[in-house]
Protein chains: 2
Amino acid sequence: MHGVVRQLIACNRRFGPLLSTRLLSNDVTLTKERYPNLSRKEFSPLTDKDVNTFESIVGKGNVLQSDLEFYNTDWLKTVRGQSEVVLRPESTEEVSAILKYCNERTLAVCPQGGNTGLVGGSVPVFDEVVISTARMNKVINIDPTAGVLMCQAGCILENVDKALSQHDLMMPLDLGAKGSCHIGGNLSTNAGGIRLIRYGSLHGSVLGLEVVLANGDVINNMNPLIKDNTGYDLKQLFIGAEGTLGFITAATIKCPTKPNSVNSALIAVETFADCLKILSLTKKHVGEILSAFEFLDLASRHLMLENLELPYPIAESPFYLLIETSGNLHLNITCKEYSQEVMDMIEPYVYDWTRGRDGSISAEHGLVLLVVVELFYVMLPNAVVLDNIEMYYLIPVMQL
Amino acid sequence: MHGVVRQLIACNRRFGPLLSTRLLSNDVTLTKERYPNLSRKEFSPLTDKDVNTFESIVGKGNVLQSDLEFYNTDWLKTVRGQSEVVLRPESTEEVSAILKYCNERTLAVCPQGGNTGLVGGSVPVFDEVVISTARMNKVINIDPTAGVLMCQAGCILENVDKALSQHDLMMPLDLGAKGSCHIGGNLSTNAGGIRLIRYGSLHGSVLGLEVVLANGDVINNMNPLIKDNTGYDLKQLFIGAEGTLGFITAATIKCPTKPNSVNSALIAVETFADCLKILSLTKKHVGEILSAFEFLDLASRHLMLENLELPYPIAESPFYLLIETSGNLHLNITCKEYSQEVMDMIEPYVYDWTRGRDGSISAEHGLVLLVVVELFYVMLPNAVVLDNIEMYYLIPVMQL
């Protein structure tokens, strides 16, 4: 479950420019001023000779020395480094050569992906050499049968997801910054996102990694096997290590099949205890197809309204749940016994409603079953919104 | 996909005594004789004083010095160690005290769970002190809402699964040895099993571990959080390390909701290419509820017949697939257009068949959809067996 920040990220995906204008206009405090107790260690200062060497490794056009604000400032504009050089390698070999050189010269480095992190971890603290994965954006291979992706670390999450969808596959990861975040950053921060509940953490999805150590040594563990127990699973250490143990240059990721359909419901809930009860009921009744279960409280909702001018489609309530399932939605109504009268009241409404929205119905009827909507029925939410279309009227129809 | 060994394990679960009598009657070669190039390192030999110390830690009754064949011999009876003492601690503190003492005395140790491994990794090679998790079999906590289990390492997989099922939960792991294997052994060997395809590897399911290092230090990382990125994820290193980096004493495991129903199909397939095609189609059409996809070739089938006297319910074929789904089975038939005539032929058959087996039907009809059985229809398997009941006749009915 997540609170305000997650929602703000999600909003930013849709309302980025709005939010940017509002938050990014002021100059950002330097990290070393914001945190005066931090001290720069005994790393060497950058020289012209270093820049020349970098140019010989990655090419002159890929050594940036001006307009570095983007690379020095974090997404929330809370911290700012003072790096004087940004390198944009395009291969593992180039990363290796850079790190080997920096290690020998004791130059501090800062690996950087899409720079979408919210905790200041993706930007330099002082004057580290920024090594950006932006040009390492190649999909190396997609195995449609095994559902295995191999790609470079700089691939943008959404781009990879699109490439996979051509093969009916998807990334096991989805988050608000998907349009700009890099896979390498996702792995280095062990990003969770909204598919965590269904597809688990990256520790379970990553089959292999290619990593360059600080001295330039390359560890190639790009295993495409779904399961491999040969030796210690060292690659796991780099997941979530934020680049401190090595620079992830490529990854092999197990990708699930893209679901045929996705359904979402927004529910207003009176108490936190009821939220937990709904979580249990949801897992019980639609556990196999449950793909997301997100939580929001009233304060967060107010923040969204005040800061983002995003009104909520349902009435005020202490808590809200956003539930997503992948697969067909089973809309079953529970009654004490079979009633043709109830049927005659419900079916035309549901059919008309769905047809009016170009939906598709495969009705299950004639049996009294416990299924999805019983949940909403039993838990008495204020209202239910499916796929952002209001369904205020469905609940009363069901409360026969 | 797995071959002979997996099937033999699965058979052993049902036909253990039969197999045992057949394979276990001969004396087993000592490991040091089978692998003469292995040399015992400079560990101390066991003394009476050591035994007395162990008795003071775990109690006299839990220091075994006779009838140690079970602890010295692996399940397949291919290797045999010569340990003279087996310790059965019941707590982390006792494990810590044992390891601290052994470390100081340079006594070699061999952690042991249910001793169900098939590669000789669970038994001593020479005269190591065996530390069995057999008495560390307590379920510490089950959180039904979060779906999180905390248990000691010696819990038997099947027992934990039963305890979880009281809360509509299940272990994300299932394997042939579940009736005797220990969770600690599952974790130390990173066991995969038949739920791997659905619930992923243990690296994704383990939320926390408690581990005792060789010097007796206890690392307590029994995190119940579904996701925690604080610091390096060191616990991942112990998963699959086979006890060489530390002794796992307890674990926190994320457990999925128990599915409402499980359906299985056994299919005979002509070519390996078709097996892969069926895998793709299965993932595409029932990906969200696909829980197992197992592979067997004709040679394995013959082995099962010859060694276990297990005849196969379907005709000879080069390959076989065992497919399991968790969730409702959608039995839809695809036609070019809606036909009442086709309906009238299919429905009574399916209803009668299901009713005759105490099944439950929630029929979807009136619409032409692509669903599960279309797969078998399209791929033209020789026969389909659902839940081990022959359905030879269903296929012809569908091939209208």
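Starting from 1, residues in each chain are numbered consecutively following that chain's sequence as written. For naming, the first written chain is A and the first written ligand is 1, with later ones following in the order written. With the structure being a predicted model, the display of local features is reserved for residues of pLDDT at least 70 and the display and counting of side-chain atom pairs for 80 or more, all residues being used for whole-chain, interface and lining totals. Water and hydrogen atoms play no part in the side-chain values, which are based on all heavy atoms of the structure.

Regarding the overall build of chain A
Phase 1 of the analysis: Here a strand is any run of E in DSSP of at least two residues, a helix any run of H or I of at least four, and the numbering for each starts at the N terminus. Of regular secondary structure, chain A possesses 15 helices and 14 strands.
Phase 2 of the analysis: Exposure categories follow from relative accessible area, calculated using a 1.4 Å probe and restricted to protein chains: below 20% of the type maximum is buried, above 50% is exposed, and the middle band is partly exposed. Taking all 400 residues of chain A together, the buried fraction comes to 51%.
Phase 3 of the analysis: Sequence-distant contacts in chain A: of pairs separated by 6 or more residues, those separated by 24 or more amount to 70%.
Phase 4 of the analysis: Using the Shrake-Rupley algorithm and a 1.4 Å probe, accessible areas are obtained, with residue cover drawn only from the displayed protein chains. Put simply, chain A shows about 18,600 Å² of open surface, and 53% of that area lies on carbon and sulfur atoms. What makes two residues a contact is simply this: any of their non-hydrogen atoms within 4.5 Å.

Quick look at the sheet that holds strand β7 (residues 206-212) of chain A
Residue and element names in this part refer to chain A.
Phase 1 of the analysis: Spatial ordering of the open sheet is given by β5-β6-β9-β7-β8, a layout of 5 strands whose pairing is antiparallel. Across the chains shown, the open sheet's two edge strands, defined by having one partner strand only, are β5 (139-143) and β8 (218-221). Neighbouring strand axes in the sheet, compared pairwise and without regard to direction, differ in orientation by 10° on average.
Phase 2 of the analysis: Alignment of strand β6 (residues 148-152) against strand β9 (residues 247-254), held across 5 bridges, turns out to be antiparallel. From the neighbouring strand, Gln 152 faces β9, where its bridge partner is Ala 250.
Phase 3 of the analysis: Docked against the sheet, helix α5 (residues 92-104) engages β7, β8 and β9, running at close to 45° with respect to β7. What makes two strands pair is DSSP finding at least two bridges between them. To obtain each axis, a line is fitted to C-alpha atoms, and for helices this fit is confined to the stretch in contact; angles are then taken between N-to-C directions over 0 to 180 degrees.

Quick notes on the interface of chain B and chain A
Phase 1 of the analysis: Across the boundary between the two partners, chain B contributes 50 residues, which contact 50 residues of chain A.
Phase 2 of the analysis: We define a salt bridge as a contact between a side-chain nitrogen of Lys or Arg and a carboxyl oxygen of Asp or Glu at a distance within 4 Å. Counting the contacts that link chain B with chain A gives 2 salt bridges.
Phase 3 of the analysis: The term polar contact refers here to a pair of N or O atoms within 3.5 Å; inside protein, the definition further demands a hydrogen-donor-capable atom paired with an acceptor-capable atom, and it admits residues adjacent in sequence only when both atoms are side-chain atoms. Where chain B touches chain A, the interface holds 11 residue pairs in polar contact (both at pLDDT 80 or more).
Phase 4 of the analysis: The dominant element in the side of chain B that touches chain A, judged by the number of residues it contributes, is helix α11 (residues 272-286) of chain B, at 6 residues.
Phase 5 of the analysis: As a working rule, the residues Ala, Val, Leu, Ile, Met, Phe, Trp, Tyr, Cys and Pro are called nonpolar, Asp, Glu, Lys and Arg charged, and the rest polar, with Gly in that last group. Residue composition of the side of chain B that touches chain A, grouped by class: 19 nonpolar, 22 polar and 9 charged.

Here's the deal with the pairing of strand β12 (residues 319-326) of chain A
Residue and element names in this part refer to chain A.
Phase 1 of the analysis: By the criterion of burial, β12 is predominantly enclosed, with 6 of the 8 residues buried.
Phase 2 of the analysis: As judged from the 8 bridges shared by strand β10 (residues 262-269) and β12, these two strands associate in the antiparallel manner. Bridge pairing links Val 269 to Phe 319 in β12.
Phase 3 of the analysis: In this structure, strand β11 (residues 290-297) lies alongside β12, joined through 7 bridges in antiparallel fashion. Bridging across to β12, Leu 290 finds its partner in Thr 325.

Here we look at the confidence of the model for chain A
Residue and element names in this part refer to chain A.
Phase 1 of the analysis: Predicted confidence across chain A gives a mean pLDDT of 79, with 76% of residues reaching 70 or more.
Phase 2 of the analysis: Every residue in residues 1-26 is under pLDDT 50, and counting partners more than four places away or in other chains gives 44 contacts.
Phase 3 of the analysis: pLDDT measures how confident the predictor is about each residue, on a scale from 0 to 100. Taken as a whole, residues 360-400 scores under 50 in pLDDT and shows 110 contacts with residues more than four places along the chain or in a different chain.

So, the packing of aromatic side chains
Phase 1 of the analysis: For Phe, Tyr and Trp, where Trp contributes only its six-membered ring, two rings pair if their centres lie within 6.5 Å, and the inter-plane angle classes them as stacked under 30 degrees, edge-to-face over 60, or tilted in between. Using the criterion set out here, one finds 12 aromatic pairs over all chains in the structure.
Phase 2 of the analysis: Each ring, one from B:Phe272 and one from B:Phe295, has its centre 5.6 Å from the other, and the planes form 85°; the classification is edge-to-face. Taken together, the residues span a long stretch of sequence, with B:Phe272 in helix α11 and B:Phe295 in strand β11 (residues 290-297) at a distance of 23 residues.
Phase 3 of the analysis: Taking the relative accessible area as the measure of exposure, B:Phe272 reaches 38% and is therefore partly exposed.
Phase 4 of the analysis: Under the relative-accessibility criterion, B:Phe295 is labelled buried at 13%.
Phase 5 of the analysis: An aromatic cluster of at least three residues, connected via ring pairs, comprises A:Phe272, A:Phe295 and A:Phe319.

Side note on the relation of the copies chain B and chain A
Phase 1 of the analysis: Superposition record for chain B on chain A: RMSD 0.1 Å, screw rotation 180°, translation along axis 0.0 Å. Taken together, the rotation and translation relating the two chain copies correspond to the operation of a two-fold axis. Distance from the rotation axis, computed per C-alpha, reaches its smallest value in chain B at B:Gly204: 1.9 Å. Copy-to-copy superposition: least squares on the C-alpha atoms, limited to residues that have pLDDT of at least 70 in both copies.

Structural notes on helix α12 (residues 298-308) of chain A
All names here are of chain A.
Phase 1 of the analysis: Of all the positions in α12, only Ser 300, Arg 301, Met 304 and Leu 308 are classed as buried. For α12, the buried positions fall inside an angular range of 105° around the axis, keeping them on one side. Opposite its buried face, α12 presents the exposed residues Ala 299 and Glu 306, each directed more than 90 degrees away.
Phase 2 of the analysis: Trailing α12 by a residue or two, Glu 309 shows a phi angle of about 55°, which is positive. Throughout, the arc means that of the directions going from the helix axis to the C-beta atoms.

Details of the packing of helix α3 (residues 48-58) of chain B against helix α5 (residues 92-104) of chain B
Residue and element names in this part refer to chain B.
Phase 1 of the analysis: The interhelical angle for the contact between α3 and α5, taken along N-to-C directions, is 160°, at an axis separation of 9 Å. By the angle between their axes, α3 is roughly antiparallel relative to α5. Along this stretch, α3 crosses α5, giving a crossing that reads as right-handed. Every residue of α5 that contacts α3 at Lys 49, Asp 50, Thr 53, Phe 54, Ile 57 and Val 58 is listed here: Glu 94, Ala 97, Ile 98, Tyr 101 and Cys 102.
Phase 2 of the analysis: Residue classes in the contact of α3 with α5 are distributed as 7 nonpolar, 1 polar and 3 charged. If an angle is under 35 degrees, it is roughly parallel; if it is over 145, roughly antiparallel; if it lies from 65 to 115, roughly perpendicular; otherwise it is oblique. Each crossing gets its hand from how the near helix is turned against the far one by less than a right angle, where anticlockwise is left-handed and clockwise is right-handed.

Regarding the state of the cysteines
All names here are of chain B.
Phase 1 of the analysis: Note on terminology: disulfide denotes any pair of cysteine sulfur atoms within 2.5 Å. Per the stated rule, a full pass over the model turns up 0 disulfides over all chains.
Phase 2 of the analysis: Take Cys 155: it sits in no disulfide, and the sulfur closest to it among the cysteines is that of Cys 151, at 4.2 Å.
Phase 3 of the analysis: The exposure class assigned to Cys 155 is buried, which follows from its relative accessible area of 2%.

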